[in-house]
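Residues per chain are reported as follows:
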Amino acid sequence: MAKTQTLRTPARLRDRGLVPADSVGRLDEVAARYAVALPGPLAALVDRDDPQDPIARQFVPDARELEGQPHELADPIGDDAHSPVRGIVHRYPDRVLLKLTQICAVYCRFCFRREIVGKPGALDRAALEAALDYIRGHTEIWEVILSGGDPLVLSARRLREVMKALAAIDHVKIVRIHTRVPIADPVRITSDLVRAMKASGKATYVAVHVNHARELSPAARAACARMADAGMPLLGQSVLLSGVNDTPQAMRELMRALVECRIKPYYLHHADLAPGTSHLRTGIDTGRALMRDLRGRVSGLCQPAYVLDIPGGHGKSPIGPNYLEYAGSNGNAHYIVEDFNGRTHAYPPR
Ligand SMILES: *Cc1c(COP(=O)(O)O)cnc(C)c1O
Ligand code: SF4
């Protein structure tokens with residue numbers, strides 16, 4: 001595999017002209033708290049002349065990360081509340097997260113698991129076996145979602161072992177891999193790794209995390225094509241971020257770029273209340289307005305569901321916008337449905 005250089009300290013980021021020299025002291029404080037890694041292919045996408053560059057905003061540490069807000073949470077989506085054994089999060093009846101590693105190829109500054117990613121805590125053989133035993137013992141588990149950390153930082157050999165174990169569990173029908181590696185370090189998506197992503201007899205879906213059209217560089221598009229050509233359906237996961245994709249134009253371009261890469265937009269996540277990320281969050285009203293814009297103006301293929309992961313571990317809920325209202329009463333009850341131009345129409349109750 002071709003080796004990619006990764007920038008891991010504020011001093012290295014300064015040497016590459018990605019942060020001002022006088023910020024290194026403060027950024028060292030950030031780096032002591034939250035992991036930093038910027039792989040070469042992503043660093044190359046940063047426009048150094050743009051102080052608001054959407055790539056830099058996502059991956060280059062910022063002193064504002066030291067400014068926590070009282071309502072921010074160390075475990076914003078309540079993973080801990082639903083972890084029956086190490087490495088497993090079982091929140092919904094028919095699916096579990098299996099977290100094999102806490103390492104990622106890049107550390108997103110808004111990460112909802114920023115308190116744990118980048119720290120040691122990979123599942124060793126015994127812990128993996130215990131996690132697999134949990135899946136084997138719960139026949140209601142239809143889908144296993146590899147998350148983390150990023151499962152595609154694992155070697156093809158390690159991934160193949162896990163897939164082999166999952167392939168042997170009858171009640172598991174779907175394996176879903178959540179990853180940012182095709183964007184962060186596309187050369188890691190080798191044909192060997194792609195083969196290792198398939199569990200024999202199961203369907204493997206890959207959810208690729210992308211927040212700006214520019215992340216889909218030619219190399220990233222090629223990596224996605226290798227997975228799609230291997231027969232794995234690709235889904236897009238994006239996080240709504242201030243200064244990255246919170247304008248109608250940026251959001252339309254992102255969704256279209258995903259579909260061009262055969263990635264079906266799945267979720268637009270409202271940014272979680274992760275510590276020190278308030279400068280990257282938007283209001284929910286912003287997300288709803290962007291979704292309305294998309295619905296009217298771009299292909300149905302380009303429509304994700306806008307979801308909020310409810311703090312405390314209550315799961316994801318779609319948060320609109322809503323196009324249907326119930327009106328009137330008794331003899332005159334009816335729906336009012338809104339079209340993509342904002343005009344309303346009556347519709348009978350049944
Ligand atoms: C997000 C999440 C899932 C996946 O939810 P889908 O709606 O199926 O994409 C599963 N388990 C946990 C714990 C999650 O946080
Ligand atoms: S790749 Fe995912 S888990 Fe890793 S830092 Fe980014 S958002 Fe967090």
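Residues numbered from 1 in each chain as written. Chains lettered and ligands numbered in written order. Predicted model: local features only at pLDDT ≥ 70, side-chain atom pairs only at ≥ 80, totals over all residues. Heavy atoms only, no water.

1. Some points on the environment of Val144
Put simply, the rule reads: For helices the rule is a DSSP run of H or I covering at least 4 residues; for strands it is a run of E covering at least 2, with both sets numbered from the N terminus onward. Only protein chains enter the accessibility calculation, which uses a 1.4 Å probe; a residue is then buried when its area is under 20% of its type maximum, exposed when over 50%, and partly exposed in between. Note on definitions: a residue-residue contact is assigned when non-hydrogen atoms from the two residues lie within 4.5 Å.
Looking at the secondary structure, you find Val144 in strand β5 (residues 143–147). On the basis of relative accessibility, which here comes to 0%, the residue Val144 falls in the buried class. Not counting chain neighbours up to four residues away, the residues in contact with Val144 comprise Val96, Leu98, Ile135, Leu166, Val172, Ile174, Val175 and Arg176.

2. Structural notes on the environment of Val172
In this structure, Val172 sits in the loop between α6 (156–167) and β6 (174–179). The class for Val172 is buried, based on a relative accessible area of 0%. For the pair Val172 and Trp142, spaced 30 residues apart in the sequence, the C-alpha separation amounts to 4.5 Å. Residues in contact with Val172, not counting those within four places in the same chain, are Ile135, Ile141, Trp142, Val144, Leu166 and Lys202.

3. Structural notes on the site of ligand 2
Put simply, the rule reads: Nearness is judged by heavy atoms alone; a residue qualifies as near a molecule or strand once a single heavy atom is within 4 Å of it. The residue classification treats Ala, Val, Leu, Ile, Met, Phe, Trp, Tyr, Cys and Pro as nonpolar and Asp, Glu, Lys and Arg as charged. All others, Gly included, are polar.
Taken together, Cys104, Val106, Tyr107, Cys108, Cys111, Val117, Arg180 and His209 form the complete shell of residues around ligand 2. Taken together, the residues of the shell around ligand 2 break down into 6 nonpolar, 1 polar and 1 charged.

4. Some thoughts on the packing of aromatic side chains
To be explicit about the condition: A pair of Phe, Tyr and Trp rings is counted when the ring centres sit within 6.5 Å of each other, with Trp represented by its six-membered ring. The angle between the planes then sorts it: under 30 degrees is stacked, over 60 is edge-to-face, the rest tilted. The criterion is that NZ of a Lys, or CZ of an Arg, lies within 6 Å of the ring centre and within 35 degrees of the ring normal, and then a charge sits over that ring.
Using the criterion set out here, one finds 2 aromatic pairs in the structure. Ring plane angle 65° and centroid distance 4.9 Å describe the contact between Tyr326 and Tyr335, whose orientation is recorded as edge-to-face. On the basis of relative accessible area, Tyr326 is assigned to the exposed category, the value being 52%. Judged by its relative accessible area of 26%, Tyr335 falls in the partly exposed class. The cationic tip of Arg95 hangs over the ring face of Tyr92; the distance from NZ or CZ to the ring centre is 3.9 Å.

5. Here's the deal with the environment of Ser299
With respect to the helices and strands, Ser299 occurs in the loop between α11 (284–297) and β10 (305–310). Relative accessible area serves as the criterion here: at 38%, Ser299 is assigned to the partly exposed category. In the structure, Ser299 is positioned 44 residues away from Met255 in sequence and 9.3 Å away in space, judged by C-alpha atoms.

6. Quick look at the packing of helix α10 (residues 248–260) against α11
Note the following rule: To get an axis, a line is fitted to the C-alpha atoms, and for a helix only the part in contact is used. The angle between two axes follows their N-to-C directions and goes from 0 to 180 degrees. For classification purposes, angles smaller than 35 degrees are called roughly parallel, those larger than 145 roughly antiparallel, those between 65 and 115 roughly perpendicular, and all remaining angles oblique. Each crossing gets its hand from how the near helix is turned against the far one by less than a right angle, where anticlockwise is left-handed and clockwise is right-handed.
Across the interface, α10 lies against α11 with an axial gap of 10 Å and an inter-helix angle of 55°. Comparing their axes, α11 and α10 come out oblique. Here α10 runs over α11; the crossing is right-handed. Judged by residue contacts, Pro248, Met251, Arg252, Met255 and Arg256 of α10 engage Leu290, Asp293, Leu294 and Arg297 from α11. For the contact of α10 with α11, the class distribution of residues is 5 nonpolar, no polar and 4 charged.

7. Overview of the pattern of salt bridges
As a reminder of what qualifies: By definition here, a salt bridge exists when the distance from a side-chain nitrogen of Lys or Arg to a carboxyl oxygen of Asp or Glu is within 4 Å.
A full pass over the atoms with the stated rule returns 27 salt bridges. Residues Arg176 and Glu143 are paired through a salt bridge, measuring 2.7 Å at the closest nitrogen-oxygen approach. Of this pair, Arg176 sits in strand β6 while Glu143 sits in strand β5, and the two are 33 residues apart along the sequence. Comparing Arg176 with Glu143, the two get one shared label, buried. Ionic contacts of the salt-bridge type, sharing partners, join the residues Asp79, Arg91, Lys99, Arg113, Asp309 and Lys316 into one network.

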